[in-house]
Structures are given as C-alpha cells and as structure tokens.
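Residue-level listing of the chains:
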Amino acid sequence: MLQRLQRMCLLGVIAAICSSTQLNAQTTFGSIVGNVSDPSGAAVANTEVTLTNLGTNEKRTETTNADGFYQFVNLAPANYSVEVAKTGFKRVLRTPVNVQTGTTSKIDLPLEVGAVNQTVEVTAQTPLLTPESSSLGQVIDQRKTVELPLNGRNPLNLVALVPSVVPQGGSMSNPNGQNPFAWGNYQIGGGMANQSMVWLDGSPVNGSYINITALIPTQDSLQEFKVATNNLSPEYGRFAGGVVNFTTKSGSNDLHGTVYEYLRNKVLDANTFANNSNGTPRGAFTQNQFGFNLGGPVYIPKIYKGKDKTFFFVNYEGFRLRQGQSYTETVPTATERTGDLSGLAKAQGVNIYDPLTTCGPGPGYPRPCGPGEVTGDRLQFPGNIIPANRINPTSVKLLNLYPAPNAAGTVTGTQNWVSNSSQGGNNNETVARIDQNVSDKQHISARYTYWGNLNLPTDPFHNGVCQDRCTETFNTNNFVLGDTYSFTPTTIMEIRLSYQRFNYDRTPETLGYDLTQLGWPAANNQQAVFRDLPVPVINNFDTNNTFGSQGAGSVIIDRNDNYRAAGTLTKIWGTHTFKFGAEFMRMTHNYTQTNIPTGIFNFDPGFTAANASNSAGSGLGLATFLLGYPDGGSASSPALVAAQQFYPAAFFNDDWHLSERLTLNVGVRWEHAGPWTERFDRISYFNPTEANSALLAQGITQRGNIGLVNTPGDTYRSGILPDWKQWAPRVGAAYQITPKTVFHAGYGVFWLPNDVAWDTSPNNDPLNSYSTPVLSSITNGVPACFTNGACSTASAVTGTGAYTITNPFPGGILPPPGRSPNYANALLGNSFAVNQLFNPYGYAQQWNADIQRQLGNGFLIDVAYGGAKGTHLPIDSPSIDQVPDQYLSLGTALQNSVPNPFFGKITTPGSSLSAATVQEGQLLRPFPQYNGLNYAGQGIGNSTYESLQVKAEKRFSGGN
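Please read all numbers here as calculations on a predicted model, not as lab measurements. (Residues numbered from 1 in each chain as written. Predicted model: local features only at pLDDT ≥ 70, side-chain atom pairs only at ≥ 80, totals over all residues. Heavy atoms only, no water.)

### Digging into the overall build of the chain
Phase 1: Each helix and strand in the chain was counted, giving 12 helices and 47 strands.
Phase 2: Each of the three principal axes of the chain carries a C-alpha extent, and together these read 120 × 70 × 55 Å.
Phase 3: Within the chain, the proportion of its 960 residues that are buried is 56%.
Phase 4: Once local pairs closer than 6 in sequence are excluded, the contacts in the chain between residues at least 24 apart make up 74%.
Phase 5: With an accessible surface of roughly 37,300 Å², the chain has 56% of that area assigned to carbon and sulfur atoms.
Phase 6: Charge-centre separation for the chain: the mean point of 60 positive side chains lies 5 Å from the mean point of 65 negative side chains. (Helix = DSSP H or I, 4+ residues; strand = E, 2+ residues; numbered from the N terminus. Buried < 20%, exposed > 50% of the residue type's maximum accessible area, 1.4 Å probe, protein only. Contact = heavy atoms within 4.5 Å. Areas by Shrake-Rupley, 256 points an atom, 1.4 Å probe, with all protein chains shown as cover. Lys, Arg positive; Asp, Glu negative; His and termini not counted. Charge placed at Lys NZ, Arg CZ, Asp CG, Glu CD.)

Below is the structure:
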C-alpha cells in the first residue's frame, strides 16, 4: 500500500509538470498590485489597467474586480508604467514603477473627475514598503550591484549587506584560490553555512556536491538580486536558512554597452616581516579584471528588426591573478641529511636511541636487558649520529627533493627556509541571453552561462609538493529556458527547464609518478588507483618532535549534473491569488577522491626514544624517518561512484487580500529529498542488532553487521530509507496599519537538502573508499622483524625483514571491496562511517514579526524579530563504538593486553585486531570487531536562533 501511494505521489508530480505547472519559477519575478478608487474613495470596478515595460514596450492589461483591486504577476524586474483610463475621469499614468526580484509593489491609482483626454502623471518613487508578503529579506538593486566597491567583483559578497547574513571562511573574496565551498559559505537566518540556496533566473545553481554553489554570476551581468532570510512562501524548498535570488539583465529597445578593466598591482603593497628579515624581495602581485557587456534589440540588416519583439544581452568577464606568497618552512640541513642529528637533538633537548637495541625477554627482542635496564630500554646512538649504513635509501631520495636552508631559523632548528612562491589563477565567464515577446500573451527567455575557473598550484620548493592545493579546474555550464503564457489576464502559466553541469578536477603535479623510483615494488604502480609521490612534510618538528608526511596532493574528479523541469500556474480569482506548482529535479554525483593515493606516513619519536613503551622526553621524528620506520599511516584507494538523487515537489499557495489593508499568505509544500542511490548499488548500511555475517560464518556470534542495499535486508537502493512525509506548511499575514506603516508576521517549515550531509554520499561508503594501513611494529615499538626473532641490520634497512618505508604495503595497496562476496571480511578490523537506515531527515522552523515604517518617499526603517529552530540536523560521523561508561572506572587497565578472540578470524593487514593479543578496552566496545564505527551524517543535531534585525534604508535619488 505504501509503495502504491509513493508511486501515485510521484505520478502526480510528473503530471503537474507535464501540465505546465512549475514550482519556483515565480521566484525570479515580481508583482504590482493596487486599488483604483474615485475621488470619494469608493472602489472603481471593471476598469482596465494597462502595464507597459518601459524598456521593451511589452504591454499587459488587467481589469479591476468588484473591490477595485488589480494585480500584475510574473513580471520581470524592470521599470514599468501603470495606466488607467475611464470615461468621466482623467487618465492616470504612474511612471516609473520599479519591479524588483521576488517583491510585490503596491501602486494605488486614485482617479480625478475630468475628461479622459486629460492626463494626471505621477512620477513618485516606488514605495519601499512590502504590504503583501510575510517573509523577511532585502533586494540589492542594480545600482548597488554595479557601483558598490567589491575587491574581486564577487557579487555574492553583497549578500553580507542583508540583516541575519553572516559570512564564513573565505566567502568574502574572489573565488579564485578558495575552496569551492567557500563560494556559498554564508549563514542566513540562523541556518548553517552552505545550507541555503542560490538561484539564477529562476533555477537553482546549487550542485549535489555538498550543496555547492556551482556558479557565481559576474557583477556586470546582473539586473539585481534578492536575499530572502525568513519564512519564504511554499514556492521555495530544499534549504534551511535563506535564498539568494539573482536575475540577469535582458536587452531593451535601446542599444547599451560597456567595456571595462580593473587593475591592481604590488606598487603600494608592503613586504612581509619574514621576507624583510631574510632579505627576500617583495612578492609579485598583479590582478586584472576585464570584460564587456552589450544589450539591445536583435537587428539583422534587411532581414529582421527586433524592436519591441526580440532582445539580446551578452557579457564576458576575465580575471587574472598572479601573486607571490611568502612561505617559512623547515628543511633538513646538510649535516642532518647524513644522519648527524647531534645539533638538532641538542636544540630540542633530547637524545636518539637505536630501535635495533631494544632489550627484553625471549626471542621477540634483539637483546636481553642488562643490569639496571627494564624491558623496552634501548642504547643511544653514539653522539646522536645515525651510522650511514643505517639510513634508509628511500628516505634519502625523499629528503633530496627539498632545498638546503637559506635562513638562520630558530634556536630549535626550525623555520630555516624562507621564499616566495607563485600562486593565483584565471577566471572566464560568458553570459548570453535572448528574450522574445512572441505575442501580448507569451514571453520566452533563454540564458546560457559558462564559467571556467583555474587555480594554479603552489609549489614553493619546486619539487611537485603542493603546500595548499595543486592544480584545480572548475567548469560550470548553466542553461535556463523559460516560457510565460497568459491564457487570460487572470490565468498565467510559466514553464522553466534548466540544466547545469559542474566539473571539478584537482590534479597533483606528480600524478603518474613511477613508484619504483623509491624502491617500491612494481606491483604498487598497478595497485594504486592514482599514483602519486608520497613526499614527507618537514616543517612540523613540533613539541613532540613528530615527523609526518603527506601525498604530493589530493586527487578529485567530480561531475555533477542537475536536470530540472518545473512550472507554476497562477489564478487570480476575486480577492484570491492562487498558485499551484510542481517540479522534478534529477541530480547526479559522479565522483572520486583520495587525499593519500600512495600513502601518508607518520614517523613518531617513539621508535628512537629511550624506551619502546615510554617515548616521553626522548627520540626524534626525523631520526625515525631516516631509519625508515613508519609507525602508522595508510593509502586510500577510491572507486569512481555514479550516484544520484531524485527531488519531486509540489506546492499550493493563496495570497488572500481580505481587505485593502490585510493580506494573508497561506500555503503548503510537499517535497521528497530523495536519498542517495548508486548505479551499481555500491552502498552499505549498518544493522546494530543483527549478527555479523563474516564472523558468524567462522563460528563467532557478534552483533553489528554491515549489509548491502537492494537485498532482503534493505529492499530499497539507498543506505537511508526515504521519508515520503516531508510536508512544509507556510502561513503569514501583512497588515498595512497606515499608508506608511506595515506589520508582518509568519511561520514556516523547511526541509534540508539531503546532500548537505557529506558522509552519506556513496563515495564515502566503506564499499567505495578503502584504506590500506601501513604495516609497522606490533610489539611495544620493536621493528616488526624482531617479533619472530630474526632480523639483521641489513634487512632492517632494505625492508626485506622489517616493515620500512621502502615497502610499506607488503600485501599490496588494496582496492575497495565494492559488492564483492568477501566485502564483509574486508571491512573487519577497520574503522569507518556507516549509514543508518532509519536516519531522520533534518528540517528547520522559521518565524518572524516585523514592522516597517516609510519616511518620505525614499527612507525606510525596518525592525524585525526573526527566529529559527533546527531539528534532526545532520552531524558528521558521531561515534557509536565507544567503551561504555560503566567500564571507564577500569582506567589504565583498559590498555592491558589480553588474548584476542578474533585472532585468525580477522586477517586485515595492519589491523590491531589481526594480532594474537588486543587491548582489553577494545573487547568492551559495543562492536569490538571494528576499530571504530561512526554513523554517517546522523540526524541528532538541534539548533535555536533568535535575532533582532534593525535596518535603515535610504533609496538613491538625485544621483546620490
């Protein structure tokens, strides 16, 4: 029955779309409403009102109802004239009336007795009051958009002008060089960052890659935009916070064009302190931003004259940035590279010890303990110098990638290299729009935007190691087609189709590196999905003397597609304005990522500390690295997933003009934020009560099982079951207390988009992202070859007997298990985030109370209270496998080694659960067969938000 109901709902949504009703198409438009009255104030019914677009001469007519009320809806932002002519009265012309995105302007037209050939022309400014809507927000008009100074000319920065908007991270800058999630990283109306929506010409530009804002329009292509921050109408969905609504320019009957260039350079810039102190010159800085726009009627000599009919607009903008970034790093000295660490050890106040001299009982240790020694004690390297024959050849190759010191550094031997490195990138964006007045009933518009963004790599050492990110390329293709048709002046339909493709690639400079050059087995070249150079990071001689490493740069391949069909039908019936709408969106997410394609390695001072069990106060990470003994790390092998979400929605809204002063906004929205599916069903879920299938097959009953979707355990194809009851009521009221004072209040429910919880994406599923651990010592810090009592100095260096950086993955770099028959065995002993089948969907409630007071024609005071409450907000990866509280009183006893009941059953290379013994605390966990479990994007978060928002707005006038 439930499945039948689900199918009926989906068919209903599709049918609504096919009948040309669209959700959200109205969001790019504005409206004009008002009353026509005679000199006594009585309503003038059945009177024709004419609206004219001053730029394109497009005309529409309406007839007042019995209350003298008229309204024009689905109006593109522009300047209009409103005219009424009736026998016995003078003709009234109100011009210009400025229509803004998502805003309703009230223009009352009082008639005067006289001849109809007499004209009363009113040129007052459009009122700033919004007496028809109960939502909060603000329009950033064309003059603000174009003339306010913007460093980098990013129009999204102007969002910060609106009350309740809080910029986060790198959002307030040019997108070049920023993380792609910084582009839309704004908290709006109490919502979390990157949970709002950005629209361009009536269609969303958010992609399914964590709800990314995949397109930033150029400043010169915009007509204006509106930021709606609280209790939007049911036309809006799939967000928790606010909506930024951009509208591009369109052509008019007059030809207009602009050519521009903005240049910045280093002439007035100061040098950095580090550069000055080391004699390094000021880094380069040149930023160019240039472009043109052109718009007007389409005119083809002797073929077509498009005045009043066909209009075009074209914009191109380029951006080029080249700058020098100052870097202060730590590099090994020539002496340290030979193994002589006496100077560094003295500066750090430590000594280094030989792990091959660890003492202890039995054959698992190189030597027995002498008088006064305890198990794990080691002998110091004489003079804190590592003999040349003990230095690992792979370590030498990696260290030789780095330059020699060029600065004195600190007393602890750090920060001894300073230089500038080039960074920057390019942006190119092209916008082309065409508008066609087919008739007085139909208007068609189409717009295509291409945005290309290149971030250059930052490689200060010129060795292929990117300090921040390596080369990044972003390309967005966005197309929108809209068709508005008036069946009658009171029945208006709009269809909107859109498509967007977002490409994102992050590419290391050393991608394709031949790993045999490091002495690694040739098989690793085939096993690594993306071969890369695992270069050490040598600037973290921190207080623990740790020496870490990273890959030379992470790899990302991302292809996101948004397909959307939507429509609205507006019916004006007496004092009611009904809107019916629906939409259907398909979002794809073809993605793979690894930050450590061929390994990340840690070199802890513990391997060169005085005692294998107690490394405090001795040892150096650099010494451990020179010996080639990683104490941990892993390599990540990703799968290329083909994921998608479906998003159907429908809504109904009624703007009921109960009187000339009071308007009620009542509506409801139904939507379904479909959970992720994957083309090959490579998605898993976790059942905490079911017996683990992999262990059960080996005779061990242990609860906690990883299951597969599209199986009897989960007949749906997603790791989270769908929620078909996502209803979102919206109510509000607007009351015009006086002609200059308006009161608003409203309440609404808003459901979050499902892709804001990153960990639930199929590319993060343990079936598709698998880490092969680095094999290291498994007994009290002794190199692994000694655990069986046979290891020579030569084998410890070359890796033939010990696990060293020369062969850190002796079992190979393992691929992700996918839906292979042994997937459950491959996951044993690992740690990862799992899907929760009954994960609740997140939503927010918003409410507001607001009073506006207009002073004169161009000054507005707005005081509002805005509140919001988030429920079931996704929290990335909370742990579900912690030691229960009742066992915490055991204290250090939790670390005692006890026999491992999973020995021989769990064979995951490098996992502590594959050893003969295990810590007692591990066995007390709820699911001891794993090294840690987390619920991906679990909906356990809640939030509250309350704000007092005070806004004073002065409209530009007289050129000011």
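### Considerations on the environment of Asn931
Phase 1: Inspection of the secondary structure assignment puts Asn931 in the loop between helix H12 (920–923) and strand S46 (932–935).
Phase 2: Taking C-alpha positions, Asn931 is 8.4 Å from Asp881, a pair spaced 50 residues apart along the chain.
Phase 3: Residues in contact with Asn931, not counting those within four places in the same chain, are Gly829, Asn830, Ser831, Ser911, Ser912, Leu913, Gln922 and Arg925.

### Description of the side chain of Ser554
Phase 1: Looking at the element boundaries, Ser554 is found in the loop between strand S28 (547–548) and strand S29 (555–573).
Phase 2: Among the polar contacts listed, one links the side chain of Ser554 to the side chain of Arg506, at a separation of 2.7 Å.
Phase 3: A polar atom in the side chain of Ser554 sits 3.5 Å from the side chain of Asn595.
Phase 4: For Ser554, the contacting residues outside a window of four places in its chain are Arg506, Thr507, Pro508, Thr594 and Asn595. (Polar contact = N/O pair within 3.5 Å; in protein donor to acceptor, adjacent residues only side chain to side chain.)

### Comments concerning the pairing of strand S2 (residues 48–53)
Phase 1: Counting buried positions over the 6 residues of S2 gives 5, a clear majority of the element.
Phase 2: Across 5 bridges, the pairing between S2 and strand S3 (residues 59–63) is antiparallel. Counted as the bridge partner of Leu51 is Arg60 from S3.
Phase 3: In terms of strand pairing, S2 meets strand S5 (residues 78–84) through 5 bridges, oriented antiparallel. Bridged to Val49 within S5 is Val84. (Pairing = 2+ DSSP bridges.)

### Focus: unusual backbone geometry
Phase 1: Here Thr95 and Pro96 are connected by a cis peptide whose omega angle stands at -10 degrees.
Phase 2: Here the phi dihedral of Ser877 falls at roughly 60 degrees; this positive angle occurs in a residue that is not glycine.
Phase 3: Following the sequence through the fold, Ser877 ends up in the loop between strand S43 (859–875) and strand S44 (897–899).
Phase 4: Given the relative accessible area of 24%, Ser877 is considered partly exposed.

### Structural notes on the sheet that holds strand S15 (residues 222–230)
Phase 1: Across the sheet, which stays open at both edges, the 5 strands sit in the order S10-S15-S16-S13-S14 with mixed pairing between neighbours. Of all strands in the sheet, those with a lone pairing partner are strand S10 (136–140) and strand S14 (203–204), marking the two edges.

### A word on the state of the cysteines
Phase 1: Counted by the stated rule, this structure contains 1 disulfide.
Phase 2: Across the disulfide, Cys359 is cross-linked to Cys369 (sulfur-sulfur distance 2.1 Å). Linking Cys359 and Cys369, the disulfide has an S-S dihedral of approximately 85 degrees and is accordingly described as right-handed. Of this pair, Cys359 sits in the loop between strand S22 (353–354) and strand S23 (379–380) while Cys369 is found in the loop between S22 and S23, placing the two residues 10 residues apart along the sequence.
Phase 3: The exposure class assigned to Cys359 is buried, which follows from its relative accessible area of 0%.
Phase 4: A residue is classified by how much of its surface remains accessible, and Cys369, at 30% relative accessible area, is partly exposed. (Disulfide = S-S within 2.5 Å.)

### Brief notes about the pairing of strand S4 (residues 69–75)
Phase 1: Within S4, 7 of the 7 residues are buried, which leaves the element mostly enclosed by the surrounding structure.
Phase 2: In this structure, strand S1 (residues 30–37) lies alongside S4, joined through 5 bridges in antiparallel fashion. Note on S4: the bridge partner recorded for Asn35 is Phe69.

### Let's talk about a nonpolar patch on the surface
Phase 1: Among the surface-exposed residues, Tyr735, Ile737, Phe743, Ile851, Val863, Leu948 and Val950 lie close enough to one another that they form a single nonpolar patch of about 610 Å² accessible area.
Phase 2: Counting only elements with at least two residues in the nonpolar patch, the list comes to strand S38 (726–738) and strand S47 (938–954).
Phase 3: Among the structural elements, Leu948 can be located in strand S47. (Patch = residues over 30% accessible without salt bridge, like charges linked within 9 Å, V, L, I, M, F, W, Y side chains within 5 Å. Salt bridge = Lys/Arg side-chain N within 4 Å of Asp/Glu carboxyl O.)

### Notes on the pattern of salt bridges
Phase 1: Counting across every chain of the model gives 20 salt bridges.
Phase 2: A salt bridge links Arg433 to Asp201; its shortest N-O distance comes to 3.6 Å. One end of the pair, Arg433, is in strand S24 (residues 417–437); the other, Asp201, is in the loop between strand S13 (197–200) and S14, with 232 residues separating them in the sequence.
Phase 3: Take Arg433: its relative accessible area is 13%, and that puts it in the buried class.
Phase 4: In this structure, Arg447 and Asp201 form a salt bridge, with 2.7 Å as the shortest nitrogen-oxygen distance. Separated by 246 residues along the polypeptide, Arg447 in strand S25 (residues 442–455) and Asp201 in the loop between S13 and S14 bring together distant segments of the chain.
Phase 5: Looking at Arg447, the relative accessible area reads 2%, which means it is buried.
Phase 6: Overall, the relative accessible area of 5% leaves Asp201 in the buried class.
Phase 7: Each of Asp201, Arg433, Asp435 and Arg447 takes part in one network of salt bridges that share partners.

### Observations concerning the environment of Thr272
Phase 1: With respect to the element layout, Thr272 can be found in the loop between strand S17 (256–265) and helix H3 (273–278).
Phase 2: For the pair Thr272 and Ile495, spaced 223 residues apart in the sequence, the C-alpha separation amounts to 55 Å.

### Topic: the packing of aromatic side chains
Phase 1: Considering all chains together, one arrives at 34 aromatic pairs under this definition.
Phase 2: For the pair Trp417 and Phe461, a centre-to-centre distance of 4.6 Å together with 55 degrees between the ring planes defines the contact as tilted. You can see Trp417 sitting in strand S24 and its partner Phe461 sitting in the loop between S25 and strand S26 (471–488), a full 44 residues away along the chain. Comparing Trp417 with Phe461, the two get one shared label, buried.
Phase 3: Geometrically, the ring pair formed by Trp520 and Phe809 is edge-to-face, given 6.0 Å between the ring centres and 75 degrees between the ring planes. (Phe/Tyr/Trp six-rings, centres within 6.5 Å; stacked < 30°, edge-to-face > 60°.)

### Remarks on the nonpolar core
Phase 1: Val159, Tyr209, Phe225, Val244, Phe246 and Phe502 are the most contacted members of the largest nonpolar core, which has 33 residues in total.
Phase 2: Once residues within four sequence positions are removed from consideration, Val159 is found in contact with Val165, Tyr186, Phe225, Val227 and Val244.
Phase 3: By size, the runner-up hydrophobic cluster in this structure holds 32 residues, among which are Ile352, Ile386, Phe601 and Phe625. (Core = buried A, V, L, I, M, F, W, Y, C linked by side-chain atoms within 4.5 Å.)

### Let's talk about the side chain of Arg682
Phase 1: If you trace the backbone, Arg682 turns up in the loop between strand S35 (677–678) and strand S36 (684–691).
Phase 2: Within the structure, Arg682 has its side chain in polar contact with the side chain of Glu678 (distance 2.7 Å).
Phase 3: Once you skip the residues sitting within four places of it in the chain, Arg682 turns out to touch Ala639, Leu640, Val641, Ala642, Asp765, Leu767, Asn768 and Arg819.

### Comments concerning the confidence of the model for the chain
Phase 1: Of all residues in the chain, 91% attain a pLDDT of 70 or more, and the chain-wide mean is 86.
Phase 2: When mean pLDDT is taken per element in the chain, S35 scores highest with 97 and helix H1 (residues 2–18) scores lowest with 40.
Phase 3: Overall, residues 1–26 carries pLDDT values under 50, and its contacts beyond four positions in sequence, including any with other chains, amount to 72 contacts.
Phase 4: Taken as a whole, residues 539–544 scores under 50 in pLDDT and shows 14 contacts with residues more than four places along the chain or in a different chain. (pLDDT = per-residue confidence, 0-100.)

### With respect to the environment of Arg819
Phase 1: Structurally, Arg819 can be placed in the loop between helix H10 (793–798) and helix H11 (823–827).
Phase 2: Judged by relative accessible area, Arg819 falls into the partly exposed class, the value being 32%.
Phase 3: Arg819 sits 319 residues away from Gln500 along the chain, and the two C-alpha atoms are 31 Å apart.
Phase 4: Setting aside residues up to four positions removed in sequence, Arg819 forms contacts with Phe680, Asp681, Arg682, Leu708, Val709, Asn710 and Thr711.

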